[in-house]
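Residue-level structural notes
Each chain is listed here by its residues.
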Amino acid sequence: MADWTPTKTLKPASLFFLAICLVILVWTAVVPVTDAFRMRELTLNEGWNVANAQKLTEHLPLYPGTPDWTPINYPALSFHLSAALEKVTGDYLFTARFLSLGSLCLSGVLVGLIVFQTGRSRYAAWLSGLFLVALFCASA
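A few points on the structure. Treat the numbers as computed from the prediction; the structure is a model and nothing was measured.

1. Looking at the packing of aromatic side chains
- By the definition in use, this model includes 4 aromatic pairs.
- On the numbers, 5.7 Å between centres and 45° between planes, the contact of Phe37 with Phe94 is tilted. Residue Phe37 is located in the loop between helix H1 (12-36) and helix H2 (44-57), and its partner Phe94 is located in helix H4 (residues 92-119); the two are separated by 57 residues in the primary sequence.
- Phe94 gets classed as partly exposed once you look at its relative accessible area, which sits at 25%.

2. Remarks on the pattern of salt bridges
- For the structure on display, the rule yields 2 salt bridges.
- Where Asp35 meets Arg38, a salt bridge forms, and the shortest distance between an N and an O atom there is 3.1 Å.
- With relative accessibility at 17%, the residue Asp35 sits in the buried group.
- For Glu46, the salt bridge identified is with Arg97, shortest N-O distance 2.8 Å. Residue Glu46 is found in helix H2, and its partner Arg97 is found in helix H4; the two are separated by 51 residues along the sequence.
- Judged by relative accessible area, Glu46 falls into the buried class, the value being 17%.

3. Comments concerning the environment of Ala124
- Structurally, Ala124 is set in helix H5 (residues 122-139).
- Judged by relative accessible area, Ala124 falls into the partly exposed class, the value being 29%.
- As for Ala124 and Leu18, which are separated by 106 residues in sequence, their C-alpha atoms are 9.8 Å apart.

4. Quick notes on the side chain of Asp35
- When you line up the elements, Asp35 lands in helix H1.
- Sequence-distant contacts of Asp35, defined by excluding residues within four places in its chain, comprise Leu42 and Arg97.

5. Notes on the environment of Ala96
- Tracing the backbone through its elements, the reader meets Ala96 in helix H4.
- The exposure class assigned to Ala96 is partly exposed, which follows from its relative accessible area of 29%.
- Note: C-alpha distance between Ala96 and Phe79 (17 residues apart in sequence) is 8.7 Å.

6. Considering the packing of H2 against helix H3 (residues 76-89)
- The interhelical angle for the contact between H2 and H3, taken along N-to-C directions, is 75°, at an axis separation of 8 Å. Compared by their axis directions, H2 and H3 come out roughly perpendicular. Mapping the contact onto sequence places Trp48, Asn49, Asn52, Ala53, Leu56 and Thr57 in H2 and Phe79, His80, Ser82 and Ala83 in H3.
- In the contact of H2 with H3, the residues fall into 5 nonpolar, 5 polar and no charged.

Cut-offs used in this document
- Residues numbered from 1 in each chain as written.
- Predicted model: local features only at pLDDT ≥ 70, side-chain atom pairs only at ≥ 80, totals over all residues.
- Heavy atoms only, no water.
- Phe/Tyr/Trp six-rings, centres within 6.5 Å; stacked < 30°, edge-to-face > 60°.
- Helix = DSSP H or I, 4+ residues; strand = E, 2+ residues; numbered from the N terminus.
- Buried < 20%, exposed > 50% of the residue type's maximum accessible area, 1.4 Å probe, protein only.
- Salt bridge = Lys/Arg side-chain N within 4 Å of Asp/Glu carboxyl O.
- Contact = heavy atoms within 4.5 Å.
- Axes fitted to C-alpha atoms, helices over the stretch in contact; angles between N-to-C directions.
- Parallel < 35°, antiparallel > 145°, perpendicular 65-115°, else oblique.
- Nonpolar A, V, L, I, M, F, W, Y, C, P; charged D, E, K, R; others polar.

Set out below in structure tokens:
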């Protein structure tokens, strides 16, 4: 079983640097998070994803039966999750955006855990997780 105790404690300067990184993360995340709660589509891709999730709810085939090229290159699991959770939220678009934000946070946590497992540094784990989320938010 893995030992989860850190090898050393963080210095105040390191904590200050992590706080600055957290401020940068919040600053870059403001626009993507507020956009998630808008009631209109931001891109054509969002409408396309909503239409495919509705197909699953109406028991229509997601992928065509012919061997032709299909424009749906997303995994079917994302559409199944959106369609299933839509029954709770009542809105396909909000559900997909909520799943996206949750996946972003989970990615940051998992990257931090991977870095901690490999280097046993809490500082590097926090920094890498915050950096990943801030980078994705900045590119969004």
